[in-house]
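Overview (structure and organization)
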Amino acid sequence: MNTLTIDENLNFIVNRYVRNELLPYVKKELPKFRAMCKQIDERAKHTDREGQPKLIKYDKFGNDISEVWVNEGYRQTIKETYNTGIVGYLHKNIPELNQRGSYHFSYAQGYLLSQVEPGFYCPVTLTMATAYLVEKYANEKLKERYLPHLLSTGDVELYEGATFLTERQGGSDVGANEVMAKKEGEYYRIYGEKYFASNVGMCGVAAVLARLEGAEKGTKGLSLFLVPWQKDDGSKNDIQVRRLKDKLGVRAVPSGEVVFEGATAFLIGEAEKGFYYMMEALNLSRVCNAIASVGIMRRAYDEAVNYTHDRKAFGRQLSEYPMVRETLMDLLARQEVETSACFKTIEGFESLIKKDKQGSMREEALNRLYIALIKMRTAEEAIAFSHEAIELHGGNGYIEDFVTPRLLRDAQVLTVWEGTENILALEVLRLIEKFQVDELFIDEMNDLLHQLPSHFQRHINKLKKIIVELSELSKAVKGTTSDLQTFHAKKIANLMADIYLSVVALEDAMMDPVRKWKIADIFLEQMWGNEGFNPVPAVLRHFDELLNHTQSDHLV
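Keep in mind that this is a model prediction, so the values were computed, not measured.

Cut-offs applied
Residues numbered from 1 in each chain as written. Predicted model: local features only at pLDDT ≥ 70, side-chain atom pairs only at ≥ 80, totals over all residues. Heavy atoms only, no water. Helix = DSSP H or I, 4+ residues; strand = E, 2+ residues; numbered from the N terminus. Rg over C-alpha atoms; globule rule 2.2 N^0.38 Å. Buried < 20%, exposed > 50% of the residue type's maximum accessible area, 1.4 Å probe, protein only. Areas by Shrake-Rupley, 256 points an atom, 1.4 Å probe, with all protein chains shown as cover. Lys, Arg positive; Asp, Glu negative; His and termini not counted. Charge placed at Lys NZ, Arg CZ, Asp CG, Glu CD. UniProt positions renumbered as here; feature names shortened; annotations may be inferred. Polar contact = N/O pair within 3.5 Å; in protein donor to acceptor, adjacent residues only side chain to side chain. Core = buried A, V, L, I, M, F, W, Y, C linked by side-chain atoms within 4.5 Å. Contact = heavy atoms within 4.5 Å. Domains from an automatic or database assignment. Buried area = accessible area lost by both parts, 1.4 Å probe. Salt bridge = Lys/Arg side-chain N within 4 Å of Asp/Glu carboxyl O. Phe/Tyr/Trp six-rings, centres within 6.5 Å; stacked < 30°, edge-to-face > 60°. Lys NZ or Arg CZ within 6 Å of the ring centre and 35° of its normal. Pairing = 2+ DSSP bridges. Axes fitted to C-alpha atoms, helices over the stretch in contact; angles between N-to-C directions. Parallel < 35°, antiparallel > 145°, perpendicular 65-115°, else oblique. Left-handed = near helix turned anticlockwise from the far one by under 90°. 1 Å grid on protein atoms, 1.4 Å probe; cavity = no way out; pocket = protein on both sides within 12 Å on 5 of 7 lines; lining within 4 Å. Points joined across faces, edges and corners; volume = space filled by probe spheres on them. Nonpolar A, V, L, I, M, F, W, Y, C, P; charged D, E, K, R; others polar. Expected span 1.5 Å × (residues − 1).

Side note on the overall build of the chain
In terms of regular secondary structure, the chain is built from 17 helices and 13 strands. Relative to the 2.2 N^0.38 estimate, which gives 24 Å for 556 residues, the radius of gyration of the chain is 24 Å and therefore close to what a compact globule would have. Viewed in the frame of its principal axes, the chain has a C-alpha envelope of about 75 × 55 × 45 Å. In the chain, buried positions account for 59% of the 556 residues. Surface exposure of the chain reaches about 23,300 Å², of which carbon and sulfur atoms provide 50%. Seen as two clouds, the 69 positive and the 80 negative side-chain charges of the chain have centres 1 Å apart.

Structure (structure tokens):
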């Protein structure tokens, strides 16, 4: 990771979104976190190749202990990362400031972490989601017992979190879940199997969806429970790990099949609202997924930049060839705009979380829409960027001595976690049916375009035409059969994502009319105007000004 290029976009984002007393602290702490990530990068290589988690199923006497072994470097990564407050300071005060951190700060840390070990950002995400659920919906007794451990920054024993949803017969169809909860005094007993449980064996507590005896079928009959991994005496909480999954990538996080054999569990919130609580946490996890994606995109870009500047072919550096320059500039513009869109979306997400009461229908609907759009787009892009980095490396890009194969393997799961493209497109369709979110989106995009300066008019006019196309498409789709609606759902979602990203690019250019204008110029030309002969392509025109290859630890 010592070859990472300067990330001017992260500087821009930090200065734009981190406010007041927190800004100097973030500017001081993020470079430290980035330096720590260099060490995590070295450990990640070992974990991926030789130090993967292992299940110790039985002890020497044949007793089922279902322990998960992880290597010492990974344990050090766990300790160092959580001690920075990446989760804890979302819910408790930073001692030297006497105030909480922010999601922008936490996600900026996650963005840096995902450039070196996206596998470990999964447990961080799960801990964030579990802490969110416990703080918002658990009773005071549960909060007092477990929340300090979920928020540990080295002051108490750390309990990582986990969220167990997936069952063998259901997959994305959570309403088909069968894991059962039986009341026993002040607590419950959980019975059944979760088929894909991440952070298994490492979590101190897990948020688990289960169905109470006699509850109705479907998602409405699901309740949410907090399940400790161990009993108070340190013994196993009647939980068996059947096996760990042999995964293509993100090998750092142990994922496995879990069997509950009467595990002690505690109800979180109201019994009939478990699914809806988990869907709230899913939105948080989807943002994490997008952050992991743009982190991988940035690492892939950095590797491509460094390799094409160092490697020569036919007497010239690779980066001197116009087609290579086009690829590098296209990657840079897409990565910066999509990262900026993530943090713009986080602004709305955090604003809703901080409200004492539920936000307006418009706020809630647009928040869900933007999260679905950025998760869908960035997950696909992480794979595309990893592929481009491999191609720019040639044969070397396919060799495990380089980081590029790991990037591609780690990126692939991001299209699956927290909802595939199909699932997210169906989410957009539901938002259209329930909230007319297509009309809300179109109104908001037109309002934002109206605020842009007049010298952006060429791009504004183009986007207004595209918005009219979206309006006509969504009207046609809403007036057709259910099957045709689902058939066209991805087309609507992707067109919305294209428009949203384009508007974000222009908003950034309005705030920074020099560097960000060049990024927007490239992005919009590649997105909407890259047809036919272009005598002065933006990717070549701005290359020397944008690609500062100075290797530096400069951050903010």
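Things to note about the UniProt feature "domain: Acyl-CoA oxidase/dehydrogenase middle" (unreviewed entry) in the chain
If you check UniProt for "domain: Acyl-CoA oxidase/dehydrogenase middle" (unreviewed entry), the listed places come out as residues 162–261 in our numbering. For residues 162–261, the end-to-end C-alpha separation is 18 Å, with 0% helix and 47% strand making up the annotated structure.

Digging into the side chain of T264
Tracing the backbone shows T264 in strand β11 (residues 255–267). Residue T264 is classed as buried on the basis of its relative accessible area, which comes to 15%. A polar side-chain atom of T264 sits 3.2 Å from a polar atom in the side chain of R189.

Focus on the environment of K38
Assignment of secondary structure puts K38 in helix α2 (residues 22–49). Judged by its relative accessible area of 23%, K38 falls in the partly exposed class. Distance in space between the C-alpha atoms of K38 and L113 is 9.4 Å, their sequence separation being 75 residues.

What about the nonpolar core?
Formed by 159 residues in total, the largest nonpolar core has its most connected members in Y107, Y121, M128, L369 and F441. Among the elements that make up this core, the one with the highest residue count is helix α7 (residues 274–310) (17 residues). The residues touching F441, leaving out its near neighbours within four places in the chain, are L366, L369, Y370, L470, M496, I499 and Y500. Residues F164, L212, V258 and L267 belong to the second largest nonpolar core, which totals 23 residues.

A few points about the domain arrangement of the chain
Considered domain by domain, the chain is made up of domain 1 (8–151), domain 2 (161–272) and domain 3 (434–534). The C-alpha centroid of domain 2 is placed 22 Å from the C-alpha centroid of domain 1. Area buried by domain 1 at its contact with domain 2 is led by V68, L126 and Y146, which between them contribute 20% of it. For the pair domain 1 and domain 2, the number of links is 3 salt bridges.

What about the packing of aromatic side chains?
Throughout the structure, instances matching the rule amount to 15 aromatic pairs. Measuring from centroid to centroid gives 5.9 Å for Y25 and F105, while their planes differ by 90°, and the two rings are edge-to-face. Placement of Y25 in helix α2 and of F105 in helix α4 (residues 103–114) is noted, with a sequence separation of 80 residues between them. Across the pair, exposure class does not vary: Y25 and F105 are buried alike. The ring of Y321 carries the charged tip of R316 above its face, separated from the ring centre by 4.6 Å. Lying over the aromatic face of F12, K516 brings its terminal NZ or CZ to 5.0 Å of the ring centre.

Side note on the pairing of strand β6 (residues 180–184)
When β6 meets strand β7 (residues 187–198), the two strands line up antiparallel, connected through 5 bridges. Paired with M180 across the two strands is Y191, which belongs to β7. Pairing analysis gives 2 bridges linking β6 to strand β8 (residues 205–212), with the strands arranged parallel. In the sheet register, M180 faces β8, and the bridge partner there is R211.

A word on the packing of helix α9 (residues 361–393) against helix α10 (residues 404–412)
Interhelical geometry of α9 versus α10 gives an angle of 165° and a closest axis separation of 8 Å. What the angle tells us is that α9 and α10 run roughly antiparallel. At the point where α9 passes α10, the crossing takes the left-handed sense. Between α9 and α10, the contacting residues are A382, I383, S386, H387, A389, I390 and H393 on the first element and T404, L407, L408, A411 and Q412 on the second.

Here we look at the layout of surface pockets
In this approach, a probe sized like a water molecule rolls over the atoms, and the result shows the empty space that is left. Space inside the second largest pocket adds up to approximately 690 Å³. Looking at the second largest pocket, it is lined by 25 residues, and the ones nearest its centre are E157, G201, C203, W229 and Q230. Those elements that provide at least two residues to the lining of the second largest pocket are β2 (64–69), α3 (72–83) and α6 (140–150). Considering every element that reaches the lining of the second largest pocket, the biggest residue donor is β2, with 4 residues. When the residues that make up the lining of the second largest pocket are grouped by side-chain class, the tally is 11 nonpolar, 6 polar and 8 charged. When residues are assigned to domains, the lining of the second largest pocket turns out to be shared by domain 1 (8–151) and domain 2 (161–272), each giving three or more.

Examining helix α1 (residues 8–17)
Judged by how many residues are buried, α1 sits mostly within the fold: 7 of 10 residues are covered. The set of residues buried in α1 consists of N9, L10, N11, F12, I13, V14 and Y17.

Here we look at the pattern of salt bridges
All chains considered together, the criterion is met by 47 salt bridges. Between K344 and E507 there is a salt bridge, with its nearest N and O atoms 3.1 Å apart. Of the two residues, K344 sits in helix α8 (residues 322–354) while E507 sits in helix α14 (residues 482–511), which places them 163 residues apart along the sequence. Here D438 and K478 are joined by a salt bridge, their closest N and O atoms 3.0 Å apart. Taken together, the residues span a long stretch of sequence, with D438 in helix α12 (residues 437–450) and K478 in helix α13 (residues 457–478) at a distance of 40 residues. One continuous salt-bridge network, built from bridges that share partners, spans R168, E193, R242, R243, K245 and E257.

Digging into α13
With 22 residues, α13 extends 31 Å between its outermost C-alpha atoms, agreeing within 8% with the 32 Å of an ideal straight helix rising 1.5 Å per residue. Elements in contact with the buried residues of α13: α12, α14 and α15 (515–528).

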